[in-house]
Structure formats: C-alpha cells, structure tokens
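Here are the chains, one letter per residue:
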Amino acid sequence: MVIAIIAILAGMLLPALSKAKDKAQNTIDFNNTKQIMLATLIFAGDNEEYMPTPAWGTGNDSWAYSSLMGDGRASPTSMSNLENQLERQREAFRLGQLGNILSTEKVMICPKDHTESRGSKRNKYLQRNVKITSYTWNGFVGGHGSRSGGSAPGGPFKTYKTTDLLPSNLIMWETDENTPFLFNDAGNRPDEGISQRHASTMPKDSYTDVGGRSAVGAIGGHAVNMTFREFYLMVGKGRRGELKPANSFPSEPAVMPNDLYWMPGSNRGGW
C-alpha cells in the first residue's frame, strides 16, 4: 500500500517538476536571445546600422561564425570525433561577427538542446553541420542571397540596415532540431520550422495546435516568448513540407505586412 501511494505521488509530482524545469530552460533561451539581439544592435551601431550576415548558404563571416568554419561543418559519424569539430566551431564563433561582443559560445545553445543532443536526439544532432548554435536567423536579413534567387541589399555585409526594418520584425528563432538539414548553416526561412522542444505535447503531424512557447528575437534588440500557433499563423500556409513540396518556396505568403516577413515598400514578404 505504501509503495502504491508513493508511486501515485511520484506520478503526480514528476509532470510538475518537468514543467518547472522546462520553464527554467525557456528562461535561459529568452536571455540568450535577448543577448544576441543586443549584440546585433551593437554591431550595427559600429557599422552604419548594417546588420550582420544571416549565414544564408555562404561560407563567409556571419552573425554565428566566421569563414574559418569551412570543413568544420562536416558531420562526424560518432561522438568520438565530435569534440574536435566543436572546438573548430567554437573558434569560428569567436571570430564571427558577434563573437567579440557575445564573448562566450554558451549563449548560442538552448540548455534543453544541449541535454537532448547527448541523449534522446544524439543521432540527429550528429547529422547537423552546424552545432555551435541552437538558433537561426531569418535569411531575409540578407535578402535570401543571390544563390537563392534573392536580391542582396546594400552595405559591406549585403544586409539590410536596422533602420530599414521595424523594431518588431522577428529575425531569430530556435531551429527545428528534428530536421538536421536545417543546420547546414545558421540562416533559414521561417516556414522551415521552429523548435518545439519546449512544447507541453508534440503531436507528430501538427505544428499549429501543440502547446508551448519559444523565444524569438526581434530587430528592436528584444526577445519575445511566442506560442507555436502564433509563429505558424505568421508563416501563412503551414510548415514547409507539411502543406507543400518539401523543397519549394510557399506559393502564397502570409498577408503583408507582418512582423515575420515585412519588406520595405512591398506588400509581399521576402520570399
């Protein structure tokens, strides 16, 4: 009887403890995001308001790492040679556009991502090219790059100025860790997905009704705790690959302007 009572109490307590732990981890994410956004403003202030490069399909210096990354993005096949890759990526971070402002690479990693990547999601983690960060930037900051058919904006980094955008425009979120390909660099499109590791539940085929929130970064130098439903409603037509071909741009963007896809002088977002 005593054992049964203990089991019942433990069953009631564990979900509460798990929720409290997740909330604490989300708080760290929020602070990480805010620090990166503030570092972005400092960088822009020193560079005529031009923003760092979003690392969209290039090996150049970017917000997350320098061109030193090079072959350091190749995925190791086991945990045994992982540390060598991580050290190279840490050095690339330190030499990146925000490295000297942020000082430590720890601000680039979600604490829950760190735990899962050594445990339940280790195999997917090993498949990532870029392991130095849990976060990604909106490729729109750099016009999605000429390699993707986009037009490069101006300045030395071929990016928009902070003054070109609205303070509420969202430029950073947690990458969806269930798709290792999304870590091929440190820049993505919003419809490629946001991590739902902080969800209360995670139905396999739903990306809008699941509970939970994620910290996202805004141009104004602040972080916002946004629900997954809010994020995907801003995406417009659902997550990439869920309602459209896996490797295509959405044919019907969300109604413009909004804080995710806003483009100067246009009623369509940065596709």
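Our subject is the structure that appears above.
Residues numbered from 1 in each chain as written. Predicted model: local features only at pLDDT ≥ 70, side-chain atom pairs only at ≥ 80, totals over all residues. Heavy atoms only, no water.

Caption draft 1: Up close: the overall build of the chain. Helix and strand counts for the chain stand at six helices and five strands. When the helices and strands of the chain are placed in sequence order, the string is α-α-α-α-α-β-β-β-β-β-α. Taking all 271 residues of the chain together, the buried fraction comes to 49%. Partitioning the contacts of the chain with sequence separation of at least 6, the portion at a separation of at least 24 is 67%. In the structure as shown, the chain presents an accessible area of about 12,900 Å², 56% of it carried by carbon and sulfur atoms. (Helix = DSSP H or I, 4+ residues; strand = E, 2+ residues; numbered from the N terminus. Buried < 20%, exposed > 50% of the residue type's maximum accessible area, 1.4 Å probe, protein only. Contact = heavy atoms within 4.5 Å. Areas by Shrake-Rupley, 256 points an atom, 1.4 Å probe, with all protein chains shown as cover.)

Caption draft 2: Broad picture of the nonpolar core. Ranked by size, the top nonpolar core spans 29 residues in total, and within it Ile 36, Trp 63 and Trp 137 carry the most contacts. Elements supplying a minimum of two residues to this core: helix H1 (2–45), helix H2 (82–94), strand E1 (135–138) and strand E2 (170–174). One finds Ile 194, Phe 231, Val 235 and Leu 260 within the second-largest nonpolar core, a separate group that totals 13 residues. (Core = buried A, V, L, I, M, F, W, Y, C linked by side-chain atoms within 4.5 Å.)

Caption draft 3: View of the side chain of Asp 176. With respect to the helices and strands, the residue Asp 176 is situated in the loop between E2 and strand E3 (187–188). Look at Asp 176 and you get buried, because its relative accessible area is 2%. A distance of 3.0 Å separates the side chain of Asp 176 from the backbone nitrogen of Asn 178, its partner in a polar contact. (Polar contact = N/O pair within 3.5 Å; in protein donor to acceptor, adjacent residues only side chain to side chain.)

Caption draft 4: Main features of the sheet that holds E2. The sheet built from five strands is open, its strands ordered E3-E1-E2-E4-E5 with mixed pairing. With one partner strand each, in any of the chains shown, E3 and strand E5 (223–227) form the two edges of the open sheet. The pairing of E1 with E2 spans three bridges and is classified as antiparallel. Note on E2: the bridge partner recorded for Tyr 135 is Glu 174. Helix H6 (residues 228–235) contacts E2, strand E4 (213–218) and E5 of the sheet and is inclined by roughly 90° relative to E5. (Pairing = 2+ DSSP bridges. Axes fitted to C-alpha atoms, helices over the stretch in contact; angles between N-to-C directions.)

Caption draft 5: View of the packing of aromatic side chains. Taken as a whole, this structure holds four aromatic pairs when the rule is applied. Geometrically, the ring pair formed by Phe 140 and Tyr 160 is tilted, given 5.2 Å between the ring centres and 40° between the ring planes. Of this pair, Phe 140 sits in the loop between E1 and E2 while Tyr 160 sits in the loop between E1 and E2, and the two are 20 residues apart along the sequence. Take Phe 140 and Tyr 160: they sit in the same class, and that class is buried. Taking NZ or CZ as reference, Lys 131 lies 5.9 Å from the ring centre of Tyr 125, over its face. (Phe/Tyr/Trp six-rings, centres within 6.5 Å; stacked < 30°, edge-to-face > 60°. Lys NZ or Arg CZ within 6 Å of the ring centre and 35° of its normal.)

Caption draft 6: Quick look at H6. Taken residue by residue, H6 has Phe 228, Phe 231, Tyr 232, Met 234 and Val 235 as its buried positions. Mapping the buried residues of H6 onto a view down its axis gives an arc of 155°, with all of them on the same face. Residues of H6 that are buried make contact with E2, E4 and E5. (Arc of directions from axis to C-beta.)

Caption draft 7: Structural context of the environment of Ile 132. Summarising the element assignment, Ile 132 is placed in the loop between helix H5 (122–126) and E1. Expressed as a C-alpha distance, the spacing of Ile 132 and Arg 88, which sit 44 residues apart in the sequence, is 9.5 Å. In this structure, Ile 132 is in contact with Ala 64, Gln 89, Arg 90, Phe 93, Glu 105, Met 108 and Ile 109, ignoring residues within four places of it in sequence.

Caption draft 8: A look at the pattern of salt bridges. Scanning the model with the defined rule gives 12 salt bridges in all. Across the pair Glu 105 and Arg 90 runs a salt bridge, and its minimum N-O distance is 3.7 Å. With a gap of 15 residues between them, Glu 105 in the loop between helix H3 (99–102) and helix H4 (111–117) and Arg 90 in helix H2 connect regions that are remote in the sequence. Under the relative-accessibility criterion, Arg 90 is labelled buried at 18%. Close ionic contact of Glu 177 with Arg 197 constitutes a salt bridge, the shortest N to O distance being 3.4 Å. Within this pair, whereas Glu 177 is found in the loop between E2 and E3, its partner Arg 197 is found in the loop between E3 and E4, the two being separated by 20 residues in sequence. By relative accessible area, which is 1% here, Glu 177 ends up buried. Within the structure, one salt-bridge network assembled from shared partners comprises Asp 113, Glu 116, Lys 121, Arg 128, Glu 174, Glu 177 and Arg 197. (Salt bridge = Lys/Arg side-chain N within 4 Å of Asp/Glu carboxyl O.)

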